[in-house]
Amino acid sequence: MAFYRRDLTDIHCFTTDEFVYMLDQAADMKQAIARKEIASYRLAAQRDMIVALLFYENSTRTRTSFEIAAMRLGMRTTGFAGTEGTSVKKGESLRHTLDMYEAYACDALIMRHPLDGSARFAADHLGIPVFNAGDGKHEHPTQTILDLFTIREHLGRLGDFDMGIAGDLKYGRTAHSLVIALSKFQGVRLHLFSHKDLALPDSLLDFLRKANVPVTVHESLDEMATQVDILYSTRIQKERMPDLSEFERAKSMSEFTHKMLDSTRPCFGLMHPLPIDKTAPSISPSIDGHPKAIYKIQAGNGVPTRLTELALSLGLLEDGFTGEVYEPEHQNEQFIEELEVVVKPQRIDVSIRPIRDCGVVIDHIQPYQEEILVRLLQVRERRDIYRAGTVKSVARPSEIKGILMIENRELSDQEIRAIAAVSPGCRINFIEGGHAARKLAVSLPARITGIPQIFCPNKGCITRVEHQEYVAPIMVRAGHDLLRCYYCDQLVASAHML
Ligand code: CP
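Now for a quick tour of the structure. Being a predicted model, the structure only gives us computed values, none of them experimental. Residue positions within a chain follow its written sequence, with the count starting from 1. At least 70 in pLDDT is required for a residue's local features to be given in this predicted model, at least 80 for side-chain atom pairs to be given and counted, and no such filter applies to totals for whole chains, interfaces and linings, which use all residues. Side-chain metrics rest on all non-hydrogen atoms present in the structure, leaving aside hydrogens and water.

Some words on helix H3 (residues 61-73)
Then comes step 1: With 13 residues, H3 extends 18 Å from end C-alpha to end C-alpha; this agrees with the ideal 18 Å at 1.5 Å per step.
Then comes step 2: Partly exposed residues are those whose accessible area sits between 20% and 50% of the maximum for their type, while under 20% is buried and over 50% is exposed, using a 1.4 Å probe and protein chains only. Only DSSP runs of H or I with at least four residues qualify as helices, and only runs of E with at least two residues qualify as strands; both kinds are numbered from the N terminus onward. Residues of H3 that are buried: Thr 62, Ser 65, Phe 66, Ala 69, Ala 70 and Leu 73. On an axial view of H3, the arc spanned by its buried residues comes to 135°, and they lie on one face.
Then comes step 3: Just past H3, the residue Gly 74 takes up positive phi, approximately 95°. In a helix, the anticipated span is given by 1.5 Å times the number of residues less one. Working note: the arc is built from the helix axis to C-beta atom directions.

A word on the sheet that holds strand S16 (residues 447-449)
Then comes step 1: Here, strands pair whenever DSSP counts at least two bridges between them. Taken in spatial order, the four strands of this open sheet run S16-S17-S18-S19, and their pairing is antiparallel. Two strands lie at the open edges of the sheet, namely S16 and strand S19 (491-493), each paired on one side alone. Looking at each pair of strands side by side, their axes are set apart by 35° on average, direction ignored.
Then comes step 2: Across three bridges, strand S18 (residues 482-485) lies against S19 in antiparallel orientation. The residue of S19 that forms the bridge with Arg 484 is Leu 491. Throughout, an axis means a line fitted to C-alpha atoms (over the contacting stretch in the case of helices), and angles, computed between N-to-C directions, take values from 0 to 180 degrees.

Digging into the site of the ligand
Then comes step 1: Think of it this way: one heavy atom of a residue within 4 Å of a molecule or strand is enough to make that residue near it. Taken together, Ser 59, Thr 60, Arg 61, Thr 62, Arg 112, His 140, Gln 143, Pro 273 and Leu 274 make up the full set of residues adjacent to the ligand.
Then comes step 2: Thr 62 has a polar side-chain atom sitting 2.7 Å from an oxygen atom of the ligand.
Then comes step 3: For the ligand, whose accessible area on its own is 260 Å², the fraction buried by protein is 92%.
Then comes step 4: Its residues assigned to classes, the shell around the ligand shows two nonpolar, five polar and two charged.
Then comes step 5: Segmentation of the chain into domains, including their bounds, is taken from an automatic or database domain assignment. When residues of the shell around the ligand are assigned to domains, at least three fall in each of domain 1 (11-138 + 303-313) and domain 2 (142-294). Identification of polar contacts relies on pairs of N or O atoms within 3.5 Å, with a donor-acceptor requirement for protein atoms, meaning one able to donate a hydrogen and the other able to accept it, and with residues adjacent in sequence counted only if both atoms are side-chain atoms. Working definition of accessibility: Shrake-Rupley area with a 1.4 Å probe, residue cover restricted to the visible protein chains. The classification used treats Ala, Val, Leu, Ile, Met, Phe, Trp, Tyr, Cys and Pro as nonpolar, Asp, Glu, Lys and Arg as charged, and all other residues, Gly among them, as polar.

Looking at the packing of helix H4 (residues 94-103) against helix H5 (residues 118-125)
Then comes step 1: Two elements in contact, H4 and H5, have axes separated by 11 Å at closest approach and are oriented at 45°. The angle between H4 and H5 falls in the class oblique. Remark: the crossing between H4 and H5 carries right-handed chirality. Within the contact between the two elements, H4 uses Leu 94, Arg 95, Leu 98, Asp 99 and Glu 102 and H5 uses Ser 118, Phe 121, Ala 122 and His 125.
Then comes step 2: Class assignment of the residues belonging to the contact of H4 with H5 gives a composition of four nonpolar, two polar and three charged. Angular relationships are summarised with four words: roughly parallel below 35 degrees, roughly antiparallel beyond 145, roughly perpendicular across 65 to 115, and oblique for the angles in between. Two helices that cross are described as forming a left-handed crossing if the nearer one is turned anticlockwise from the farther one by less than a right angle, and a right-handed crossing if clockwise. The criterion used for residue contact is that any of the two residues' heavy atoms lie within 4.5 Å.

Digging into the pairing of strand S13 (residues 400-407)
Then comes step 1: Among the eight residues that make up S13, seven are buried, leaving the element largely enclosed by the rest of the structure.
Then comes step 2: One ladder, built from five bridges, connects strand S11 (residues 359-365) with S13; its direction is antiparallel. Bridge pairing in S13 places Ile 365 opposite Gly 402.
Then comes step 3: With seven bridges joining them, strand S12 (residues 386-392) and S13 adopt antiparallel strand pairing. Bridge assignment links Val 391 to a residue of S13, and that residue is Lys 401.

Describing the pattern of salt bridges
Then comes step 1: The term salt bridge refers to a pairing of a side-chain nitrogen on Lys or Arg with a carboxyl oxygen on Asp or Glu at a separation within 4 Å. Under the counting rule described, the total for this entry stands at 32 salt bridges.
Then comes step 2: The partner of Arg 63 in a salt bridge is Glu 67, and the shortest N-O contact between them spans 3.4 Å. Taken together, the positions of Arg 63 and Glu 67, both in helix H3 and four residues apart, correspond to about one turn of that helix.
Then comes step 3: The partly exposed category is assigned to Arg 63, whose relative accessible area is 23%.
Then comes step 4: You can call Glu 67 partly exposed: its relative accessible area is 25%.
Then comes step 5: With a shortest N-O distance of 3.4 Å, Glu 399 and Arg 396 are connected by a salt bridge.
Then comes step 6: Assessed through its relative accessible area of 39%, Glu 399 is described here as partly exposed.
Then comes step 7: A network of salt bridges, in which partner residues are shared, links Asp 160, Asp 162, Arg 189, Asp 229 and Arg 265.

The following block contains the structure:
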């Protein structure tokens, strides 16, 4: 039962085998719907199932195709399309709104919300399956499944092809989910084109590099169009831009014109998640009826794919899956190593005077980053006596390191965790009677939460206090000194947390 009660909030939570299985099932569903083989798809007819659709943002395709999928399954739907007329307008938090749909015993929840990471929050908060219909600029995973379905239907395969993605790669959540999914298929060569201000985020480029996906960044859309089998055009996401001059600069350069079709490959397919903004079209309207324009077919595939996702998660379809199941990575929680204390004679030729009686010495801090720990430990606010600086190592004078010494200071477990979070690799020495009584080496903890100074830098993240959703930030380890927001996947170097 690999899919039973599974949430669909983030595309990376599926293996290649799981994608292929879902697409195979969806292909059967598409055929059954076309032939009106009702018994094959009206799987919830006798189940009294209700699915809630909570659309905090505008939508035509995602909402309607999910609604039709639920209706074809024999479910009923509830919820809202836009927050006008709901108690969201009275200031209700997301948490409380979600609670209502669980209290009313809905069987599944489909949500589109403007905040990055809101879908993951909803899935963790609720005991029913949650489907992410788009969360801010973060992800749109059910769109990606219909995109994969369409590519496979058009090309007859999902590997060994050239895939172009153009338009708004910075704010476009469809592009973000799509590149993550495509990285799981062999032989996909990615081609990217966008205005330089709307390029794919570095974190995703880094992800693709680590996944060994060849990526070519093109200077012109005409040129890219000649080199790809599929071109996925996207709308410039005006509504997510803090500065509309970004939109003005980018709006015309990504338009796919009729003339460009002439030099495309014979198998070429032009895709778009839609909608196309008629005031700044990313595809010329004259292309709509062309056989290489497959975006209407693509949108239509939203019904069988979303129907399959609902049916698998709600246990309506027999789950005969036998391939590789997604397993979340379990990180070692251990981040403190007790080191042997070696008693050394006090040196008088050091640049910072040691602690004479009691306190802590935090050593081997990255050079010039000792000030971060001064702020983290609120050394000045507490009026602690301290010395901090970047110094030459006594043992290895060719090396420099940051050091922070605080007189008469003890550290709580939470403070040790916080130090490890922003300064992995440092040593913490507890001094008693002028000598080290205990020495710790700390590395980055697997999960960091409950430290007020550590929060997600993404202003669109659900955990940000300004959104008043009261979701506590959780940062997880993403590398030796790299953290990732658990909710919105924003990456940040640990030293830049404060
Ligand atoms: N592709 C897509 O998400 O379209 P809608 O915004 O109309 O749902």
